[in-house]
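# Observations on chain architecture
These are the residues of each chain, in order.
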Amino acid sequence: MLNYIIWNPDVYLFQIGNWGIRWYSMCWLIGLVGAYFMVRWLFFHQNIAVKTVVIDGKKQEVNVFDPLFLYCFLGILIGARLGHCLFYQPDYFLSSGTHFIEMIVPFKNLPDGSWHFVGYEGLASHGGTLGLMFSLWLYCRKYKVKMWQVLDDIAIATPITACFIRLGNLMNSEIIGKVTDVPWAFIFEKVDKYPRHPGQLYEANAYAVFFFVGWYFYKKGKHPVGKGFYFGLCITLIFAFRFFIEYTKDIQVNFESGMLFNMGQLLSIPFVLLGIYCMIRANKSN
């Protein structure tokens, strides 16, 4: 046991009384802010942040970048929350009106009938991706921005957010790996006393690498933004890796026990196929 990493951090970055900021929330915030500044730079670098429109017969410049963050934030949060509830725990959240409310609000109904603030415990990356795509479609429809260009720019920055979300999972000691004897195994004391794969760390490191891969292709300039190549590259890398890394993870819900492929793997396959299609389509259009 002395050879393994004992992992038992406080879930709160800091706490005042009953109120505090969790590491998980801070990691989410850092990931979103990092992606925000990356996409902002891309929009201005490509001269698409400001759009000239005609209002009442007069040409006016409108900053179309500023609303993007709100669309992305809400799309990811709502999609990730609904994805977890409907993909992994539909038997709970759809079993009663009270549980359905728990799916929507960041409160949990306690046995004594009171409600306790817990934040959104349970967010699924597949649902977050679907929510993001839908919110970007709404954004592009409203502000008349090219969908493929926005998808490509968002895809270049997405691994930043994904990396920090997994670091947040690590701080929460959740989405743990299977029991192992590798020398870098973590003992998640909040879970049990067994050494396990730090699956969250595997993913965080991989997503950091994927960001630099996308950035490398962008700087080389071989693949122009707006064709869907970066969108395809991002979801192919992330969800192909997600498919295989699931073999090192423990199951998240009981119904996955005995399944040939777990829910995370099954949900990853369509994204990988979509990503490959987008990259092939982009290369044909060059």
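Residues numbered from 1 in each chain as written. Predicted model: local features only at pLDDT ≥ 70, side-chain atom pairs only at ≥ 80, totals over all residues. Heavy atoms only, no water.

As a reminder of what qualifies: UniProt positions are given in the numbering used here, feature names are shortened, and annotations may be inferred rather than shown by experiment.
In the annotation of an unreviewed UniProt entry, the protein is listed under the name Phosphatidylglycerol--prolipoprotein diacylglyceryl transferase and assigned to Segatella salivae DSM 15606. Annotation of the protein in UniProt includes, under Subcellular location (unreviewed entry), the sentence "Cell membrane". The Function (unreviewed entry) comment attached to the protein in UniProt states, word for word, "Catalyzes the transfer of the diacylglyceryl group from phosphatidylglycerol to the sulfhydryl group of the N-terminal cysteine of a prolipoprotein, the first step in the formation of mature lipoproteins."

## Section: the UniProt feature "transmembrane region" (unreviewed entry) in the protein
What counts here: Helix and strand assignments come from DSSP, with helices taken as H or I runs of at least 4 residues and strands as E runs of at least 2, each series counted from the N terminus.
Using the residue numbers shown here, the UniProt feature "transmembrane region" (unreviewed entry) corresponds to residues 23-43, 68-89, 117-138, 201-218, 230-247 and 259-280. Between the first and last C-alpha atoms of residues 117-138 the distance is 31 Å; the span itself is 64% helix and 5% strand. Its end C-alpha atoms 32 Å apart, residues 259-280 is made of 82% helix and 0% strand.

## Regarding the pairing of strand β2 (residues 12-16)
Rule in force here: A pair of strands is treated as paired once DSSP finds two or more bridges between them.
Bridge analysis of β2 against strand β3 (residues 19-22) gives four bridges, and the strand direction is antiparallel. Looking at β3, one finds that Phe14 is bridged to Ile21. Once β2 ends, the chain turns through two residues before running back antiparallel as β3, passing Gly17 with a positive phi of about 65°.

## Regarding the environment of Met279
Note the cut-off: Only protein chains enter the calculation, and the probe is 1.4 Å; a residue is then buried if its accessible area is under 20% of its type maximum, exposed if over 50%, and partly exposed in between. Contact criterion: two residues are considered in contact whenever any of their non-hydrogen atoms come within 4.5 Å of each other.
Locating Met279 in the fold gives a position in helix α9 (residues 263-285). A relative accessible area of 16% means that Met279 is categorised as buried. For the pair Met279 and Phe231, spaced 48 residues apart in sequence, the C-alpha separation works out to 8.0 Å. Beyond its immediate chain neighbours, meaning those up to four positions away, Met279 contacts Phe229, Gly232, Leu233 and Thr236.

## What about the pattern of salt bridges?
What counts is decided by this rule: Salt bridges are defined by distance alone: a side-chain nitrogen of Lys or Arg within 4 Å of a carboxyl oxygen of Asp or Glu.
Taken as a whole, this structure holds seven salt bridges when the rule is applied. With a closest N to O distance of 3.8 Å, Lys193 and Glu189 form a salt bridge. Residue Lys193 is classed as exposed on the basis of its relative accessible area, which comes to 51%. Judged by its relative accessible area of 32%, Glu189 is partly exposed. When the shortest N-O distance is used, the salt bridge between Lys249 and Glu203 registers 2.5 Å. Highlighted residues: Lys249 in the loop between α8 (229-245) and α9 and Glu203 in helix α7 (residues 199-220), separated in sequence by 46 residues. Taking relative accessible area as the criterion, Lys249 reaches 3% and is therefore assigned buried. Linked through salt bridges whose partners overlap, the residues forming this network are Arg166, Glu203, Arg242, Glu246 and Lys249.

## Considerations on the domain arrangement of the protein
Our working rule: How far each domain reaches was decided by an automatic or database domain assignment. In short, buried area is how much 1.4 Å probe accessible area vanishes from two parts on joining, totalled over both. Think of a polar contact as two N or O atoms within 3.5 Å of one another; within protein, one of them needs to be a possible hydrogen donor and the other a possible acceptor, and neighboring residues in sequence only count if both atoms come from side chains. Residue classes follow a fixed rule: Ala, Val, Leu, Ile, Met, Phe, Trp, Tyr, Cys and Pro count as nonpolar, while Asp, Glu, Lys and Arg count as charged, and any other residue, Gly among them, counts as polar.
Here the protein is partitioned into domain 1 (1-18 + 146-252 + 259-285) and domain 2 (49-144). Relative placement of domain 1 and domain 2: their C-alpha centres are 20 Å apart. On the side of domain 2, 15 residues touch domain 1, which itself brings 17 residues to the contact. Carbon and sulfur atoms make up 80% of the surface buried where domain 1 meets domain 2, a total of about 1,400 Å² over both sides. There are zero salt bridges connecting domain 1 and domain 2. Our count for the domain 1 to domain 2 interface comes out at three residue pairs in polar contact (both at pLDDT 80 or more). When contributions to the side of domain 1 that touches domain 2 are tallied by element, the ones reaching two or more residues are α6 (147-171), α8 and α9. A breakdown of the residues in the side of domain 1 that touches domain 2 according to their chemical character gives ten nonpolar, four polar and three charged.

## Concerning the packing of aromatic side chains
Defined as follows: Aromatic pairing here means that ring centres of Phe, Tyr or Trp (its six-membered ring) are within 6.5 Å. Orientation follows from the plane angle: under 30 degrees is stacked, over 60 is edge-to-face, and everything else is tilted.
As enumerated under the stated definition, the model contains 28 aromatic pairs in all. With a centroid separation of 5.6 Å and an interplanar angle of 65°, the aromatic rings of Tyr71 and Tyr139 are classed as edge-to-face. With a gap of 68 residues between them, Tyr71 in helix α2 (residues 66-87) and Tyr139 in helix α5 (residues 125-143) connect regions that are remote in the sequence. The exposure class assigned to Tyr139 is buried, which follows from its relative accessible area of 0%. Centre to centre, the rings of Tyr139 and Tyr143 are 5.2 Å apart; their planes meet at 40°, and the pair counts as tilted. With Tyr139 and Tyr143 both in helix α5 and four residues apart, the pair spans about one turn of that helix.

## Some remarks on the sheet that holds strand β9 (residues 195-196)
The mixed open sheet is built from three strands, whose spatial order is β1-β8-β9. The sheet terminates laterally at β1 (5-7) and β9, the two strands that pair on one side only. Bridge count for strand β8 (residues 186-188) against β9 is two bridges, and the pairing is antiparallel. Across the sheet, Ile187 pairs through a bridge with Pro195, a residue of β9.

## Considerations on the side chain of Thr236
By the element assignment, Thr236 lies in helix α8. A polar contact is formed between the side chain of Thr236 and the backbone oxygen of Gly232, at a distance of 2.7 Å. If near-sequence neighbours (up to four positions away) are discounted, Thr236 is found in contact with Phe241, Val272, Gly275, Ile276 and Met279.

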